[in-house]
Amino acid sequence: MQMFLDGTGHDSLSGSSIPVYNPATGEVIDTVPAGNADDVAAAVTAAEIAQKKWEQVSPADKSRILIAAGALIRSEADALATLLTTEQGKPFREAKDEILGTAHVFEFYASMTGTLQGDAAVLPKYGYMNVVRKPLGVCGAIVPWNMPAIIFGWKAGAALACGNAVIAKPSETAPLTVLRLAELLVKAGVPGGAMNVVTGSGTVAGDAIVRSTGIRHVSFTGSVATGRSVALAAAPTLKKLTLELGGNDAFIVTADADIDAAVAGAVRNRFYNCGQVCTSAKRILVDAVCADEFVRKAKDAIEKLVVGSGLEKVNMGPLNNPGQRDAVAAAVDRIVSEDCGKIICGGKKKEGAGNFYAPTLLADVSPDAVSEEIFGPVMPVIPFTTLDEAVEIANGTPYGLGASVWTKNLKTAYTVADQIRSGVVWVNRHLILPPEIPFGGTGNSGYGRENGREFIYEYTEPKSILLGL
Ligand code: NDP
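Residues numbered from 1 in each chain as written. Predicted model: local features only at pLDDT ≥ 70, side-chain atom pairs only at ≥ 80, totals over all residues. Heavy atoms only, no water.

Enquirer: Which parts of the structure should I look at to understand the overall build of the chain?
Expert: Along the backbone of the chain there are 14 helices and 18 strands. Relative to its length of 469 residues, the chain is compact, with a C-alpha radius of gyration of 23 Å against a globular reference of 23 Å. Along the first, second and third principal axes, the C-alpha set of the chain runs to 70 × 60 × 40 Å. Within the chain, the proportion of its 469 residues that are buried is 57%. In the chain, the proportion of contacts linking residues at least 24 apart, taken out of those at least 6 apart, comes to 73%. In the structure as shown, the chain presents an accessible area of about 18300 Å², 55% of it carried by carbon and sulfur atoms. Measuring between centres, the 42 positive side-chain charges of the chain sit 5 Å from its 49 negative side-chain charges. (Helix = DSSP H or I, 4+ residues; strand = E, 2+ residues; numbered from the N terminus. Rg over C-alpha atoms; globule rule 2.2 N^0.38 Å. Buried < 20%, exposed > 50% of the residue type's maximum accessible area, 1.4 Å probe, protein only. Contact = heavy atoms within 4.5 Å. Areas by Shrake-Rupley, 256 points an atom, 1.4 Å probe, with all protein chains shown as cover. Lys, Arg positive; Asp, Glu negative; His and termini not counted. Charge placed at Lys NZ, Arg CZ, Asp CG, Glu CD.)

Below, the structure written as structure tokens:
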């Protein structure tokens, strides 16, 4: 397996490797080099040289290259989706959606290369002011295992569109799809040294990226605890950070909502990717007048979900790794043992190979019992009696990433959307994130934004030039 994409194609200087497992079987499917600080330093050297050339490529040529990358990804969508399912666990259909979404991300960034303009003004007495937006240099992209393809796309697409070089560090439990995507970017025309991947563990390769003085920006997606340690480790270098640290999204179903649509939306979103999505509908708040009907209909829908290997015709695959499954099981056990909710269906691991956990519905859950996000296939239903109470519960965690409100009343929709403290609010939908939408959170969900137009401020810096009159 190739280590860097800087044209040298050499393996890790450490010489050791890390196995990659199929979460549905527990079998080893490949190995990747265990990159270390020397590997990161070598990648930085290659990236610094290539970035100076990439910066000089015209916006139109950058755009052509990113469009070509999108086309290459589309042309091997089935193979990439199979690879993603095999290392990550999600059903093939979801993997293919993610791969096609990743192609869309590069196409979106291709459309933005000509828009990176600054500002200008005549300042009487002082001169002509020009503010140009300059690339930052070398950018680190620390990618988690839950949606590795599209999250890599958000980070690499934005950095490259702005004229930066990229050093990506995928998670050790799902590095293969990212490696292949990076190869396709190089094949499309991104200079090899401008697109690097260093595989390895977070605490070694990831930490070296965060501490590198040659890397001027790190975009990190992962847990709050690791996000905090990344911010501390990066502080001496004064690099820019974009931190996306997960969420505990409220999904608010009002009494006037279309209950069938809300149930279908909640089940679709909560069990998508086996519940391992930062903006998954993690707390389902339902008006007490319709909570019983909601739970009954949700139970019917959940019991129909087919669980198994993502390469077969299933609705839900395994969790990505055994530690994740154990954490989910422990969270459910704690809620039940503390009498903070009751299991309506699921609530157990599947015996045998693979990291499977049954899709689980919990009713009458007390809000405090789910103040920490459950990153897995568990749907806690929390009844509420007034909209003010629903908003209070929704805002009652340290997170602030996403939320949705399900209602037919426009005033309710606007009022709740305005009062929820989060980076994004959906009305009558959840978890729709095309790259045109700026994405990121507040509070413990982190800071900075990916996508939309906001990426320009994350991946460039303004330079003011004053010409004397
Ligand atoms: P982490 O936050 O530990 O890992 C996320 C990424 O950061 C991975 O690429 C990891 O590499 C890397 N990393 C780990 N430690 C460091 C470090 N010290 N410096 C730099 N990079 C590092 O998440 P976990 O995989 O441990 O998952 C735990 C929990 O995090 C989940 O239960 C979920 O709550 C949350 N999470 C949230 C995600 C989101 O989308 N916001 C995505 C994934 C997890 P490696 O995996 O190789 O160690």
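Enquirer: Looking at this model, I keep getting lost on the site of the ligand. Mind explaining?
Expert: Every one of the 26 residues lining the ligand counts as a neighbour, but Trp-145, Lys-169, Glu-172, Ser-223 and Glu-373 are closest to it. A distance of 2.8 Å is found between an oxygen atom of the ligand and a backbone nitrogen or oxygen belonging to Val-143. The contact in question runs from an oxygen atom of the ligand to an N or O atom on the backbone of Gly-202, over 3.1 Å. Here the ligand loses 83% of its free accessible area of 860 Å² to cover by the protein chains. Among the secondary structure elements, those contributing two or more residues to the shell around the ligand are α7 (202–211), β8 (215–221) and α8 (224–234). Ranked by the residues each element gives to the shell around the ligand, the list is headed by α7, at 3 residues. Residue classes in the shell around the ligand are distributed as 9 nonpolar, 12 polar and 5 charged. (Near = heavy atom within 4 Å. Polar contact = N/O pair within 3.5 Å; in protein donor to acceptor, adjacent residues only side chain to side chain. Nonpolar A, V, L, I, M, F, W, Y, C, P; charged D, E, K, R; others polar.)

Enquirer: Quick question: what am I supposed to make of the environment of Gly-101 here?
Expert: Relative to the helices and strands, Gly-101 resides in helix α4 (residues 92–112). Sequence separation between Gly-101 and Ser-445 is 344 residues; the distance between their C-alpha atoms is 23 Å.

Enquirer: Whenever I open this one, the sheet that holds strand β4 (residues 127–135) confuses me. Can you help?
Expert: In any sheet, the strands associate via hydrogen bonds between backbone groups, in a parallel or an antiparallel arrangement. One open sheet holds the 3 strands; their spatial order is β3-β4-β18, and the pairing between them is antiparallel. For this open sheet the edge positions go to β3 (119–123) and β18 (460–467), each flanked by a neighbour on one side alone. On average, each strand axis in the sheet is inclined to that of its neighbour by 20°, with strand direction left out of account. Here β3 pairs with β4 via 5 bridges, running antiparallel. Note on β4: the bridge partner recorded for Val-122 is Tyr-128. (Pairing = 2+ DSSP bridges. Axes fitted to C-alpha atoms, helices over the stretch in contact; angles between N-to-C directions.)

Enquirer: Please explain a nonpolar patch on the surface as it appears in this structure.
Expert: A surface patch of nonpolar side chains, amounting to about 540 Å² of accessible area, comprises Val-122, Tyr-128, Val-132, Ile-465, Leu-467 and Leu-469. The set of elements that each furnish at least two residues to the nonpolar patch consists of β4 and β18. Mapped onto the elements of the fold, Leu-469 is located in the segment after β18. Classification of Leu-469 by relative accessible area gives exposed; the value is 66%. (Patch = residues over 30% accessible without salt bridge, like charges linked within 9 Å, V, L, I, M, F, W, Y side chains within 5 Å. Salt bridge = Lys/Arg side-chain N within 4 Å of Asp/Glu carboxyl O.)

Enquirer: How should the packing of aromatic side chains be read in this particular structure?
Expert: What describes a pair of aromatic rings is the distance from one ring centre to the other and the angle between the planes of the rings. Summed over the entire model, instances satisfying the criterion amount to 7 aromatic pairs. On the basis of an interplanar angle of 70° and a centroid distance of 4.9 Å, the ring pair of Phe-108 and Tyr-109 is categorised as edge-to-face. Since its relative accessible area comes to 8%, Phe-108 is described here as buried. Ring-pair connections join several aromatic residues into one group, and the members of that group are Phe-108, Tyr-109 and Phe-455. Geometry around Trp-54 places Lys-62 over its ring, the cationic atom sitting 5.7 Å from the centre. (Phe/Tyr/Trp six-rings, centres within 6.5 Å; stacked < 30°, edge-to-face > 60°. Lys NZ or Arg CZ within 6 Å of the ring centre and 35° of its normal.)

Enquirer: Help me understand the packing of α7 against α8, please; the structure alone is not making it clear to me.
Expert: The description of two helices packed together rests on the angle between their axes and the distance between the axes. It is at 8 Å that the axes of α7 and α8 come closest, and there the two elements cross at 45°. When the axis of α7 is compared with that of α8, the two are oblique. Taken as a pair, α7 and α8 cross one another with a handedness that is right-handed. For the pair α7 and α8, contact is made by Asp-207, Val-210 and Arg-211 and by Val-230, Ala-233 and Ala-234, respectively. Of the residues that constitute the contact of α7 with α8, the class distribution is 4 nonpolar, no polar and 2 charged. (Parallel < 35°, antiparallel > 145°, perpendicular 65-115°, else oblique. Left-handed = near helix turned anticlockwise from the far one by under 90°.)

Enquirer: Help me understand the nonpolar core, please; the structure alone is not making it clear to me.
Expert: Soluble globular proteins tend to pack their nonpolar side chains together in the buried interior. Counting residues in hydrophobic clusters, the biggest one holds 91 residues, and the most contacted among them are Phe-152, Ile-167, Leu-185, Met-195 and Phe-455. No other element matches helix α5 (residues 148–161), which puts 10 residues into this core. When neighbours within four sequence positions are excluded, Ile-167 is seen to be in contact with Val-40, Ala-43, Val-44, Ala-47, Val-138, Cys-139, Gly-140, Ala-141, Asn-196, Val-198, Ile-209 and Ile-215. (Core = buried A, V, L, I, M, F, W, Y, C linked by side-chain atoms within 4.5 Å.)

Enquirer: Is there a simple way to explain the environment of Gly-346 in this structure?
Expert: Looking at the secondary structure, you find Gly-346 in the loop between β12 (342–345) and β13 (360–363). Residues Gly-346 and Leu-285, 61 residues apart in the sequence, show an inter-C-alpha distance of 20 Å. When sequence neighbours within four positions are dropped, the list of residues in contact with Gly-346 reads Ala-358, Pro-359 and Thr-360.

Enquirer: Which parts of the structure should I look at to understand helix α10 (residues 291–303)?
Expert: A turn of α-helix holds 3.6 residues, and therefore any two residues three or four places apart point the same way. Over its 13 residues, α10 runs 18 Å from end to end, which matches the ideal 18 Å to within 8%, given 1.5 Å per residue. Listed as buried for α10 are Ala-291, Phe-294, Val-295, Ala-298 and Ile-302. Buried residues along α10 cover an arc of 95° about the axis, so they all sit on one side. Away from its buried face by more than 90 degrees, α10 exposes Asp-292 and Arg-296. (Expected span 1.5 Å × (residues − 1). Arc of directions from axis to C-beta.)

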